[in-house]
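# Tertiary structure, described
Each chain, written out:
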Amino acid sequence: MTQMIASLSEISGRYRAVFCDLWGCLHNGKTPFPTAVAALQQFRASGGFVVLMTNAPRPFGSVAAQLDRIGAPRDCYDMIVSSGDAAQQALVSGAVGRRVAFLGAEKDMPFFTDLPPELKGNDPITFVPMAEAEGIVCTGLRDDLTETPEDYRTELALGKARGLTMLCANPDIVVDMGDKRVYCAGALAKDYEERGGTALYFGKPHPPIYDLARRKMAETAEPLSNDDILCIGDGPWTDILGGQNEGIDTLFITGGIVADRFGADSANPDKALLESWLEAEGLSPTYAMPHLA
């Protein structure tokens, strides 16, 4: 049975680290949430370690720069681990070839250029048309403010016809940017798989991003067991499912991308609706709360 809580401080003494999602938990793409910032600052002040774990397709340095731009203070986290970080190893190792069709925006170019030292020195990745590609790299839509997956119908059909594998650098289907819902790379990968294509994933809920987070934590702090970690997020099929699959306790933020499933007031989710929906989805978060606080 999922336990409803009012603040992270109610349970924070049970954990030594949190893997906290960004979009929908710490910020909305435009501004940080003050109560979430304060909750993470308090957790760190009590000796906890905060890993911001995001399905952003860009490496951690680019994510940190975005957080700086929107005003999220650096003292609310210790480390950032992104889907982009986890996927770069596969990119440079040639998992989808070196001549690739790129689906994504200019803002995602750090995925290709901002490589850690250990991944530099490999043969370059070249962008080519779908008809000449060895594989597909998808970081998102080219213009997520105006486009939908339907705009990629022809390209995805060609990729499938040619038997190309897609490297999906962001498994998220949608995120909320302010008051606008936008599609992510995961939406294109989902469509591609529904057409019979093959997609590779490295972010939540898939193991590579959790493995990377553990390795990076071990470089700066003593290794932690799963019992020491709490996964926080508003994504049922990314944050919560991923934590469950890893054997880690989870805190479901109900006021995020599926807030409309639990009643009209996102600040006061209907517990009966929440429990029945979670049961139907096969999910069992350890805790739930409307917004991170």
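The structure under discussion appears in the preceding block.
This is a predicted model, so every value here is computed, not measured.

Strands sit in the order β1-β14-β13-β12-β2-β3-β4 across an open sheet of seven strands; the sheet is parallel. The sheet is open, and its two borders are formed by β1 (3-4) and β4 (79-82), each paired with just one other strand. Lying on the sheet, helix α2 (residues 60-70) is in contact with β3 (49-54) and β4; it crosses β4 at an angle near 120°. Docked against the sheet, helix α3 (residues 83-92) engages β3 and β4, running at close to 55° with respect to β4.

Let's shift gears to helix α9 (residues 271-281). Buried within α9 are the following residues: Leu274, Trp277 and Leu278. Seen end-on, α9 carries its buried residues on one side only, within an arc spanning 100°. Those residues of α9 that are exposed and aimed more than 90 degrees away from the buried face are Glu279 and Ala280. Buried-residue contacts for α9 involve β1, α8 (236-246), β13 (249-253) and β14 (287-289).

For the structure on display, the rule yields eight aromatic pairs. Ring geometry for Tyr15 and Tyr287: centres 6.4 Å apart, planes at 85°, overall edge-to-face. Separated by 272 residues along the polypeptide, Tyr15 in the loop between β1 and β2 (17-20) and Tyr287 in strand β14 bring together distant segments of the chain. A relative accessible area of 3% means that Tyr287 is categorised as buried. Note on Phe262 and Trp277: the rings are 5.4 Å apart at their centroids and 80° apart in plane angle, and the pair reads as edge-to-face. You can see Phe262 sitting in the loop between β13 and α9 and its partner Trp277 sitting in helix α9, a full 15 residues away along the chain. The ring of Phe60 carries Lys216 above its face, with NZ or CZ at 4.2 Å from the centroid.

So, how was this worked out
Residues numbered from 1 in each chain as written. Predicted model: local features only at pLDDT ≥ 70, side-chain atom pairs only at ≥ 80, totals over all residues. Heavy atoms only, no water. Pairing = 2+ DSSP bridges. Helix = DSSP H or I, 4+ residues; strand = E, 2+ residues; numbered from the N terminus. Contact = heavy atoms within 4.5 Å. Axes fitted to C-alpha atoms, helices over the stretch in contact; angles between N-to-C directions. Buried < 20%, exposed > 50% of the residue type's maximum accessible area, 1.4 Å probe, protein only. Arc of directions from axis to C-beta. Phe/Tyr/Trp six-rings, centres within 6.5 Å; stacked < 30°, edge-to-face > 60°. Lys NZ or Arg CZ within 6 Å of the ring centre and 35° of its normal.

Purely geometric stuff here, so don't read any function into it on its own.
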